[in-house]
Amino acid sequence: MQVGAVALPEIFPVLEGQMVPIEEVPKLVEEGKLQNERTASLERKYDQFRQEFTVVYRKTLALSRELATE
């Protein structure tokens, strides 16, 4: 995901073969395309994976900086 001059990694759920931004999931519930139970599960998994991914991403940045310094 592009934020200014920096590209930040993002996680998207895949629904019916399409990547869907997590912010659009409630809209799919309103449209009847997704059930509330599935939404809760998706949001929990998203939060879990996002936290894990953030840790890995920060470690990667630190290693990149260390490599550039050496």
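Everything that follows concerns the structure shown earlier in this document.
A few points on the structure. Everything numeric in this text was worked out from a predicted model, so none of it was measured. (Residues numbered from 1 in each chain as written. Predicted model: local features only at pLDDT ≥ 70, side-chain atom pairs only at ≥ 80, totals over all residues. Heavy atoms only, no water.)

## Points about the overall build of the chain
Reasoning step 1: Assigned secondary structure in the chain consists of two helices and four strands.
Reasoning step 2: Mapped from its N terminus to its C terminus, the chain presents α and β elements in the order β-β-β-β-α-α.
Reasoning step 3: Considering the chain as a whole, with its 70 residues, one finds that 16% of them fall into the buried category.
Reasoning step 4: Within the chain, contacts between residues separated by at least 24 positions form 37% of all contacts whose residues are at least 6 apart in sequence. (Helix = DSSP H or I, 4+ residues; strand = E, 2+ residues; numbered from the N terminus. Buried < 20%, exposed > 50% of the residue type's maximum accessible area, 1.4 Å probe, protein only. Contact = heavy atoms within 4.5 Å.)

## Some words on the pattern of salt bridges
Reasoning step 1: Applying the stated criterion across every chain, the model contains two salt bridges.
Reasoning step 2: Here Glu 10 ties to Arg 50 by a salt bridge, and the two come within 3.8 Å at their closest N and O atoms. With Glu 10 in the loop between β2 (6–7) and β3 (14–15) and Arg 50 in helix α2 (residues 36–69), this pair connects stretches of sequence that are 40 residues apart.
Reasoning step 3: Judged by its relative accessible area of 21%, Glu 10 is partly exposed.
Reasoning step 4: Given the relative accessible area of 25%, Arg 50 is considered partly exposed. (Salt bridge = Lys/Arg side-chain N within 4 Å of Asp/Glu carboxyl O.)

## Description of the side chain of Thr 39
Reasoning step 1: One can find Thr 39 in helix α2.
Reasoning step 2: For Thr 39, a relative accessible area of 8% gives the class buried.
Reasoning step 3: Residues contacting Thr 39, with those up to four places away along its chain left out, are Val 25, Val 29 and Leu 34.

## With respect to a nonpolar patch on the surface
Reasoning step 1: Residues Phe 12, Val 14 and Met 19 make up a contiguous nonpolar surface patch of roughly 300 Å² in combined accessible area.
Reasoning step 2: Along the chain, the position of Phe 12 falls in the loop between β2 and β3. (Patch = residues over 30% accessible without salt bridge, like charges linked within 9 Å, V, L, I, M, F, W, Y side chains within 5 Å. Areas by Shrake-Rupley, 256 points an atom, 1.4 Å probe, with all protein chains shown as cover.)

## Overview of the environment of Thr 54
Reasoning step 1: Among the structural elements, Thr 54 can be located in helix α2.
Reasoning step 2: Each C-alpha atom of the pair Thr 54 and Glu 10 lies 9.4 Å from the other, and the pair is 44 residues apart in sequence.

## Details of α2
Reasoning step 1: Taking 1.5 Å per residue as the helical rise, α2 with its 34 residues ought to reach 50 Å, and the 49 Å between its terminal C-alpha atoms agrees with that figure.
Reasoning step 2: Within the sequence span of α2, burial applies to Thr 39, Leu 42 and Tyr 46.
Reasoning step 3: Contact partners of the buried residues in α2: β3 and α1 (25–30). (Expected span 1.5 Å × (residues − 1).)

## Quick word on unusual backbone geometry
Reasoning step 1: At Glu 16, a position not held by glycine, the phi torsion is positive, near 55°.
Reasoning step 2: We classify Glu 16 as exposed; its relative accessible area is 77%.

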